[in-house]
Amino acid sequence: MVPLAIRVFNYFLRCDRMCISWSRGWRQVTVCASLGFALFVVVHLIVPRWQDELEFSRSYWHPPSQALEREDQRQGTLHWEKSDLEKALKESIKTDEPAESLGPKERNENLQRRLQETCKTLNITLPIKPYMLSHLHFDHTRKLLYCYVPKVACTSWKRVWMKIIGKVSPDKDLSTIGRYTVHTSVPNLASQKAMVDEALATYKKFLFVRHPFDRVLSAFKDKLESTDKTSVYDFHKEIGAKIQKKYRTEGASPEGHNTTFSEFIRFISEPGHGTFEQRNEHWLSIHEMCNPCAIKYDFVGKYENLKEDANYVLDWMGVKDLVKAFPASDRPFFARRYDPKYFSQLSHSDKMAFFTKYLADFVAFSYDFV
């Protein structure tokens, strides 16, 4: 703006000099005085205001990447500041009373307190979206809601749900229900818009969680390391191929086979809202799927205590007459984060990126990171 002010000043100065050179009468003097006044207004009032407006527009302009990041925040993606990470790291190494000495009810009470503290400390305020409602199975008769999380025994729970809502006969052997039938036959709350508010406010609600590393390792082994011939979605071709193309300069497989665990972790840990593939339900964070900071779950069970917690929930729901015991998985993928075959592939930055992405799950559900 300064060059503009100088140009304007010089222009009017030349006009004034010309004016003085030919002014002879009072009319000419009046015109010159008017030009002088105009010069004062432009240089001292208008130009500075233009400059302020320009600086204002500069300060409020952001590159497209920042605009996308702000859009991510409006969409409800979890973003963390450095202070949040520092708090979370301190929380992640705190130890509650040993879980082995507690029963399901006491473990749940401890977890509920920790969950509330985490939501408050990290200021997690995600809206309840249709995608989240699609993960809530309901039983209007018993007034129950269950938020399913893939790779946390959800197939077994859906088989249970089919029996308690009458989708199969009471004497049906749950292990004989096919996986495709299980995942396509249980209705969800997204289809019950008129009942959403009442169900969220009054129904009993529960979910089961799992250590984030164990959960995504199970997903990797299931979807990208092995081949699920029963799945209608080709994870290798639709996701594995894209991962390899993104991180490999050569040797990428068009069919998406042989994706490494480190490539997979880098892919799902990228900051921001994420692509459709990065937000697949098999590895999307539990907070973004079930939203426990906005939805008050009465019971939060753990995969690590699955048998005990699940049977407690069956009794708590009042369905022990229908389901005597929680059914075992028909396709278990044993996943432990300390397995050197996988964990040793990850660099320190890979691990920290993953921890940052799944921060809320680590801290709220009392899972250790180190």
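Criteria and cut-off values
Residues numbered from 1 in each chain as written. Predicted model: local features only at pLDDT ≥ 70, side-chain atom pairs only at ≥ 80, totals over all residues. Heavy atoms only, no water. Helix = DSSP H or I, 4+ residues; strand = E, 2+ residues; numbered from the N terminus. Polar contact = N/O pair within 3.5 Å; in protein donor to acceptor, adjacent residues only side chain to side chain. Contact = heavy atoms within 4.5 Å. Buried < 20%, exposed > 50% of the residue type's maximum accessible area, 1.4 Å probe, protein only. Pairing = 2+ DSSP bridges. Disulfide = S-S within 2.5 Å. Phe/Tyr/Trp six-rings, centres within 6.5 Å; stacked < 30°, edge-to-face > 60°. Lys NZ or Arg CZ within 6 Å of the ring centre and 35° of its normal.

Draft legend 1. Up close: the side chain of Gln244. Of note, Gln244 is situated in helix α11 (residues 235-247). Polar side-chain contacts of Gln244 include one of 2.6 Å to the backbone oxygen of His257. Once residues within four sequence positions are removed from consideration, Gln244 is found in contact with Gly251, Ala252, Ser253, Gly256, His257, Asn258, Thr259 and Glu263.

Draft legend 2. Representation of the pairing of strand β4 (residues 299-302). Of the two faces of β4, the one carrying Phe299 and Gly301 and the one carrying Val300 and Lys302 are both buried. The pairing of strand β3 (residues 204-209) with β4 spans four bridges and is classified as parallel. Paired with Val209 across the strands is Lys302, a residue of β4.

Draft legend 3. Just the state of the cysteines, in detail. This structure, assessed with the given rule, holds two disulfides. Between the sulfur of Cys119 and that of Cys293 lies a disulfide, 1.9 Å long from S to S. The S-S bond linking Cys119 to Cys293 shows a torsion near -85°; that makes this disulfide left-handed. Here Cys119, found in helix α5 (residues 104-121), pairs with Cys293, found in the loop between α13 (286-290) and β4; they are 174 residues apart in sequence, far enough to count as distant. Look at Cys293 and you get partly exposed, because its relative accessible area is 23%. The partner cysteine of Cys147 in its disulfide is Cys290, sulfur to sulfur 1.9 Å. Handedness of the Cys147-Cys290 disulfide follows from its S-S torsion of about -90°: it is left-handed. Linking Cys147 in strand β2 (residues 144-147) with Cys290 in helix α13, this pair joins segments that are 143 residues apart in sequence.

Draft legend 4. How the structure looks around the packing of aromatic side chains. Summed over all chains, the structure comprises 26 aromatic pairs. Ring centres 6.3 Å apart and planes at 85° place the aromatic pair Phe206 and Phe208 in the edge-to-face group. An angle of 40° between the planes, with centres 6.4 Å apart, marks the rings of Phe299 and Trp316 as tilted. On the criterion of sequence distance, the pair formed by Phe299 in strand β4 and Trp316 in helix α14 (residues 306-317) is long-range, its members being 17 residues apart. Its relative accessible area of 22% is what places Trp316 among the partly exposed residues. In textbook terms, an aromatic cluster arises when at least three aromatic residues are bridged by ring pairs, as seen for Tyr146, Trp157, Trp161, Phe206, Phe208, Phe299, Tyr312, Trp316 and Phe326. In this structure, Arg210 is placed above the aromatic ring of Tyr303, and the distance from its NZ or CZ to the ring centre is 4.0 Å. Here the guanidinium or amino end of Lys302 rests over the ring plane of Tyr367, the centre of that ring lying 4.1 Å away.

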